Amino acid sequence: MPASVLHTITGLNVGGAEVMLARFIGEVDRDRFPSTVLSLLPPGPLGARIERSNSKVISIGMTNRPKPLDLIRLVHSVSRATPDLLHGWMYHGNVAAMLGSVLSARFRPVIWSIHHTISRLTDENPLSRRLIHLSARLSSRTSAISYCSQVAADDHEKLGFDPGRRVVIPNGTDCSEYRPSAEAGVKLRKLLGLPSARLVVGHVGRFHPMKDQVNLVRAISRAIAKGHDIQGVFIGEGHVDGPVRAAAREFGIDARITTLGVRSDLPEILPGLDVFVLSSAWGEAFSLAVGEAMAAGVPAVVTAVGDSPWLVGSTGVVAPPNDHEALAAGLVKLAEMDADQRRALGDRARQRIIENFSLSLYVRRHLDLYERALAQLPSPLPNRMAS
């Protein structure tokens, strides 16, 4: 029998959890699990992508400062959707799913998804801290809590989230969309006007202090100072005229740093990189960008934040956060390999994603969770993780 699912999420702008929801809905059997997405905020650009998957998108039109009327609209929306199961995404969406289930008198199973790590609660804004405390008190009422990383689960359970609800389902990458390309390196160098022999080191992500991109610029400058011919390429919002550009001038490597805005052609760009770097200082749970680069056959240097060490395994280099010398050493290690050695490491990286962190595995693990919740199996649920 079909079971309708109502997904509740803060908004549908481009972000890790939002992208995973859009990917997930695009792969789910809509005859078995017909889906509706309730965006608390007005839907962002991913709303259209979800609707192209023949799933409905609705909104209660909430602003950044929730009001009592929003709760009434939430209850009405859940009542009209008549879901068999509610799946919350992120803190606002999780609490909305629980309140919607109870206040609409639906009392259907509720699953939460958490895509965030908390190294220090004081790093969160006041509203998020209140939501986290409320979520901890409500967590035992869920059917399960799906964490995208082991570190995220550990962090939240230290704050009072029910450990009996833990299920770790790492983010998944579409390995048919992100794949190696023999021509991509030549095309990327032509696009950026780079010499054919220059090593291209890439980073994808909006500018944010937690991603520590300025430290990555410093690390690239150190690797260049050691004699390596490197071009750093930063892709994402806030880089074109932002702190990364200023840091490149400060460290005297302005010509060696390319800053691009948001790109829609990442599956074509990523295979052209020689090395991918994640430089985050905190807040990272399970990086989509690293998984996509690895699926494209690119070895990665990552900081030991969230589940990044588990993600790369032995196919990349792990450096401590907030340490530009260690990050530079990781870059140098891969720069000193010849092209065939890096390609072989990239092939192993892709195979690791296929075997452990693919989109198909992500979907299957969640649908298994749905079946368990709908069958009302006893809690606690078993911890399901990739090996």
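Just so it is clear, the structure is predicted and the values come from calculations on it, not from any experiment. (Residues numbered from 1 in each chain as written. Predicted model: local features only at pLDDT ≥ 70, side-chain atom pairs only at ≥ 80, totals over all residues. Heavy atoms only, no water.)

S.K.: Could you clarify how one ought to interpret the side chain of Q231 in this entry?
M.R.: Mapping Q231 onto the fold places it in strand 9 (residues 230-235). Under the relative-accessibility criterion, Q231 is labelled buried at 1%. A polar contact is formed between the side chain of Q231 and the backbone oxygen of R256, at a distance of 3.4 Å. Not counting chain neighbours up to four residues away, the residues in contact with Q231 comprise L194, R198, L199, V200, V201, A255, R256, I257 and T258. (Helix = DSSP H or I, 4+ residues; strand = E, 2+ residues; numbered from the N terminus. Buried < 20%, exposed > 50% of the residue type's maximum accessible area, 1.4 Å probe, protein only. Polar contact = N/O pair within 3.5 Å; in protein donor to acceptor, adjacent residues only side chain to side chain. Contact = heavy atoms within 4.5 Å.)

S.K.: Help me out: how do you make sense of the packing of aromatic side chains in this one?
M.R.: Remark: the centre distance and the inter-plane angle together describe each pair of aromatic rings, the angle taken between the planes. Using the criterion set out here, one finds 8 aromatic pairs in the structure. Arranged with centres 5.4 Å apart and planes meeting at 70°, the rings of F33 and Y370 form a pair that is edge-to-face. You can see F33 sitting in the loop between helix 1 (16-27) and strand 2 (35-39) and its partner Y370 sitting in helix 15 (residues 359-374), a full 337 residues away along the chain. Taken as a pair, F33 and Y370 share a single burial class, namely buried. A network of ring pairs unites the aromatic residues F24, F33, W89, Y362 and Y370 as a single cluster. The ring of F33 carries the charged tip of R32 above its face, separated from the ring centre by 4.4 Å. (Phe/Tyr/Trp six-rings, centres within 6.5 Å; stacked < 30°, edge-to-face > 60°. Lys NZ or Arg CZ within 6 Å of the ring centre and 35° of its normal.)

S.K.: I keep staring at the packing of helix 11 (residues 288-295) against helix 14 (residues 339-356) and nothing clicks. Help me out?
M.R.: Each pair of packed helices can be summarised by the angle the axes make with each other and by the distance between the axes. Taken N-terminus to C-terminus, the directions of helix 11 and helix 14 make an angle of 120°; their axes are 7 Å apart at the nearest point. Judged by the angle between their axes, helix 11 and helix 14 are oblique. Residue-level inspection shows G291, M294 and A295 of helix 11 in contact with helix 14, the latter providing G346, A349, R350, R352 and I353. A breakdown of the residues in the contact of helix 11 with helix 14 according to their chemical character gives 4 nonpolar, 2 polar and 2 charged. (Axes fitted to C-alpha atoms, helices over the stretch in contact; angles between N-to-C directions. Parallel < 35°, antiparallel > 145°, perpendicular 65-115°, else oblique. Nonpolar A, V, L, I, M, F, W, Y, C, P; charged D, E, K, R; others polar.)

S.K.: What is the right way to read the pattern of salt bridges from this model?
M.R.: Between side chains of opposite charge, a pair can form when the charged atoms approach closely. A complete count under the given rule lists 15 salt bridges for this structure. Note that R166 is salt-bridged to D154, the shortest N-O span being 2.6 Å. Of this pair, R166 sits in strand 7 (residues 166-168) while D154 sits in helix 6 (residues 150-158), and the two are 12 residues apart along the sequence. Classification of R166 by relative accessible area gives buried; the value is 15%. Residue classification places D154 among the partly exposed positions, given a relative accessible area of 35%. Between R189 and D274 there is a salt bridge; the shortest N-O distance is 2.5 Å. Linking R189 in helix 7 (residues 184-192) with D274 in the loop between helix 10 (266-269) and strand 11 (275-278), this pair joins segments that are 85 residues apart in sequence. Through salt bridges with shared partners, one network takes in D154, E157 and R166. (Salt bridge = Lys/Arg side-chain N within 4 Å of Asp/Glu carboxyl O.)

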